[in-house]
Amino acid sequence: MAEFDVDLFVIGAGSGGVRAARIAAGYGAKVMIAEEFRVGGTCVIRGCVPKKLYAYASRFADDFEDAAGYGWTIPQKPIFDWRSLVEAKEREITRLSGIYRANLERAGVLVEETRATIEDANTIRLSEGGRLIRARTILVATGATPMLEPDIPGLQFAISSNEIFDLERLPKSILIIGGGYIAVEFASLLARLGVQVTMCMRADNILRGFDEDMRTGLRDALTHCGVTFHFSTLPTRIEKGLNGKRAFFSNGTEGLYDEVLLATGRKPHTKGLGLGKAGVALDESGAIKVDEYSQSSVPSIYAVGDVTNRLNLTPVAIREGHAFADTVFGNKPVIVSHKKVPTAVFTTPEIGTVGLSELAARQSHDIVDIYQTSFRPMKAVLSGRTEKTIMKIVVDGKTDSVLGVHILGHEAGEMAQLLGIAVHMGAKKADFDATMAVHPTAAEELVTLRTRSARHSR
Ligand code: NDP
């Protein structure tokens, strides 16, 4: 009998796990993958994909309003049906999940739709039937789960991003606890769908770590579309009554809401996996400690994606999964860089960003030059919208290298993807200046920003 049943066992068929399984199988490895929920993982099933679909749905509210400025008369007030959107979303994620599964099977990967736990460094137990699988290498790609904090009485009455996509009906009002990615994205889309949105958070502004001007610009845009903010304020208790959920705040006030959404971060999904039994070291957040090749403290066990709490973004998990397979099964050691990773926040307007914020650059560089502009986007002129697009280029004053670019505006996510290439390649401000503009676009401002807005020396 062979010593191992498979060369690779992957726990978790999300973005990182699926990529690793397919690439390893492509190198000729015998691969098995287990998923306890739905193939596709958080991004496809209850994260990035449905969120973007809901953001698109919400933006029609603006389009209907803006149409009048362009000569359109809409005879009746448009009606939005939440259940139709939920059902359309369900069809799409089911289709995508099927594609993920088909791609795995086409690559020769054995798919087990059950929970899998680790028995020891080379053994996996499948929940269904208790079957034991001996694996030469194990990859943990179980992602993260919503953090249930702050720990206050009545927290069980709040929902998380796991539940919000499939609510039976659209709430009339919602309290969102937290000020990160998930909190602002849902605040933006729900407000446009007609929900009265209140946000509360422990910080004095949204999106800690993002460039200050983007944070403030987005806060103002959300305020403008009707979101109410309570900064430096958290609920101390939540009660559920016949009329809704009542939150009592640390500043002595209280409010009644149809729904309460907890968006206070996500924690690595390591509990109950048997990692302790196998001797896998975790850090203080519960994440699997890995080296630059995603190898854990147990040589036969690797981990990629949010379960390692490095940079919790889908494309990063995919890249880590691919690099793992190249390294372990393709004989091509690859280290994933977590620097200069472009990212976007899918609010309306969006934030698109790559590289250092102004503050981070000023803390790490002697001379920092800022090129910044703020303008009303062309589309808003005829529609009469008062929104602003903000763009900022952060430059190393000594070398002229572009350290970061930050955009608040329509399609900022699309711009961030392309800016990511330039910044990754080490573009100088002079390269931006030498690039011909595309006219008329918003992005052309990035190559026509000639006048320095500020210079900061340490
Ligand atoms: P974030 O880390 O973005 O935000 C968490 C928020 O909760 C912050 O406002 C934080 O406050 C607050 N918070 C954390 N702990 C507590 C606590 N104990 N009590 C009160 N408040 C607390 O997490 P999200 O849940 O929004 O998103 C999870 C991850 O998913 C993100 O890190 C991101 O990587 C990913 N994601 C990416 C998206 C994208 O790329 N567009 C979209 C959605 C999610 P403070 O700022 O003070 O720490």
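In what follows, the structure referred to is the one given above.
Residues numbered from 1 in each chain as written. Predicted model: local features only at pLDDT ≥ 70, side-chain atom pairs only at ≥ 80, totals over all residues. Heavy atoms only, no water.

Draft legend 1. Spatial organisation of the overall build of the chain. In terms of helices and strands, the chain carries 14 helices and 22 strands. Computed over the C-alpha atoms, the radius of gyration of the chain is 24 Å, within 12% of the 23 Å expected from 2.2 N^0.38 for a compact globule of 458 residues. Considered along the principal axes of its C-alpha atoms, the chain spans approximately 75 × 65 × 45 Å. Of all 458 residues assigned to the chain, the portion counted as buried reaches 50%. Sequence separation of 24 or more characterises 63% of the internal contacts of the chain that already satisfy a separation of 6 or more. Summing over all exposed atoms, the chain offers an accessible surface of approximately 21,800 Å²; the carbon and sulfur share of this is 53%. One way to put it: in the chain the 54 positive side-chain charges average out to a point 0 Å from where the 54 negative ones average out. (Helix = DSSP H or I, 4+ residues; strand = E, 2+ residues; numbered from the N terminus. Rg over C-alpha atoms; globule rule 2.2 N^0.38 Å. Buried < 20%, exposed > 50% of the residue type's maximum accessible area, 1.4 Å probe, protein only. Contact = heavy atoms within 4.5 Å. Areas by Shrake-Rupley, 256 points an atom, 1.4 Å probe, with all protein chains shown as cover. Lys, Arg positive; Asp, Glu negative; His and termini not counted. Charge placed at Lys NZ, Arg CZ, Asp CG, Glu CD.)

Draft legend 2. Looking closely at the sheet that holds strand E9 (residues 196–200). Ordered in space as E10-E9-E8-E14, the four strands form an open sheet in which the pairing is parallel. Edge positions in the open sheet fall to strand E10 (228–230) and strand E14 (259–262), since each of these has one partner strand only. On average, adjacent strands in this sheet sit at an angle of 20° to one another, irrespective of strand direction. The pairing of E9 with E10 spans three bridges and is classified as parallel. From the neighbouring strand, Met199 faces E10, where its bridge partner is Phe229. (Pairing = 2+ DSSP bridges. Axes fitted to C-alpha atoms, helices over the stretch in contact; angles between N-to-C directions.)

Draft legend 3. Geometry of the packing of aromatic side chains. Taken as a whole and judged by the stated rule, the model has eight aromatic pairs. Plain terms: the ring middles of Phe60 and Phe64 are 6.3 Å apart, the flat faces sit at 35° to each other, and that makes the pair tilted. One end of the pair, Phe60, and the other, Phe64, are both in helix H3 (residues 48–67), four residues apart, so they sit about a helical turn from each other. What makes Phe60 partly exposed here is its relative accessible area of 46%. With a centroid separation of 5.0 Å and 55° between ring planes, the pair formed by Tyr302 and Phe324 is classed as tilted. (Phe/Tyr/Trp six-rings, centres within 6.5 Å; stacked < 30°, edge-to-face > 60°.)

Draft legend 4. Representation of empty space enclosed by the protein. Enumeration over the complete set of coordinates arrives at one cavity of 30 Å³ or more. Here the largest cavity is characterised by a volume of approximately 40 Å³. Around the largest cavity, the lining residues are Glu292, Tyr293, Ser294, Arg310, Glu320, Ala323, Phe324, Val334 and Val336. Of the residues belonging to the lining of the largest cavity, the class tally is five nonpolar, one polar and three charged. (1 Å grid on protein atoms, 1.4 Å probe; cavity = no way out; pocket = protein on both sides within 12 Å on 5 of 7 lines; lining within 4 Å. Points joined across faces, edges and corners; volume = space filled by probe spheres on them. Nonpolar A, V, L, I, M, F, W, Y, C, P; charged D, E, K, R; others polar.)

Draft legend 5. View of H3. Compared with the 28 Å implied by 1.5 Å per residue over 20 residues, the 28 Å span of H3 between its first and last C-alpha is a close match. Contact partners of the buried residues in H3: helix H2 (41–46), helix H4 (82–106), helix H6 (181–192), strand E18 (350–355), helix H11 (378–383) and helix H12 (412–424). (Expected span 1.5 Å × (residues − 1).)

Draft legend 6. Inspection of the environment of Ile177 at higher detail. Relative to the elements of secondary structure, Ile177 occurs in strand E8 (residues 173–177). For Ile177, the residues in contact, after removing those within four places along its chain, are Pro150, Cys200, Leu234, Pro235, Ile238, Val260, Leu261, Leu262, Ala263 and Thr264.

Draft legend 7. A look at the layout of surface pockets. Counted as a void, the second largest pocket has a volume near 760 Å³. Residue lining of the second largest pocket: 28 residues in total, with Ala61, Asp62, Glu65, Arg192 and Arg385 positioned closest to the centre. Listed by contribution, the elements that provide at least two residues to the lining of the second largest pocket are H3, H6 and helix H7 (212–224). Sort the elements by how many residues they give to the lining of the second largest pocket and H3 lands first, with six residues. Taken together, the residues that form the lining of the second largest pocket break down as 14 nonpolar, six polar and eight charged.

Draft legend 8. Spatial organisation of the site of the ligand. If you check the shell around the ligand, you find 21 residues, and the closest are Glu149, Gly179, Ile182, Arg208 and Asn312. A distance of 3.4 Å separates an oxygen atom of the ligand from a polar backbone atom of Gly180. With respect to the ligand, the backbone of Asn312 contributes an N or O atom lying 2.5 Å from an oxygen atom. Burial of the ligand by the protein chains amounts to 79% of its free accessible area of 910 Å². Among the elements that line the shell around the ligand, the one with the most residues is H6, at three residues. The residue makeup of the shell around the ligand, split by class, is nine nonpolar, six polar and six charged. (Near = heavy atom within 4 Å. Polar contact = N/O pair within 3.5 Å; in protein donor to acceptor, adjacent residues only side chain to side chain.)

Draft legend 9. Inspection of the pairing of strand E19 (residues 367–375) at higher detail. Pairing geometry for E19 and strand E22 (residues 454–457), over four bridges, is antiparallel. Bridging from a neighbouring strand, Ile370 pairs with Ala454 of E22. By the bridge criterion, eight bridges tie E19 to strand E20 (residues 389–396) in an arrangement that is antiparallel. In the sheet register, Thr373 faces E20, and the bridge partner there is Met391.

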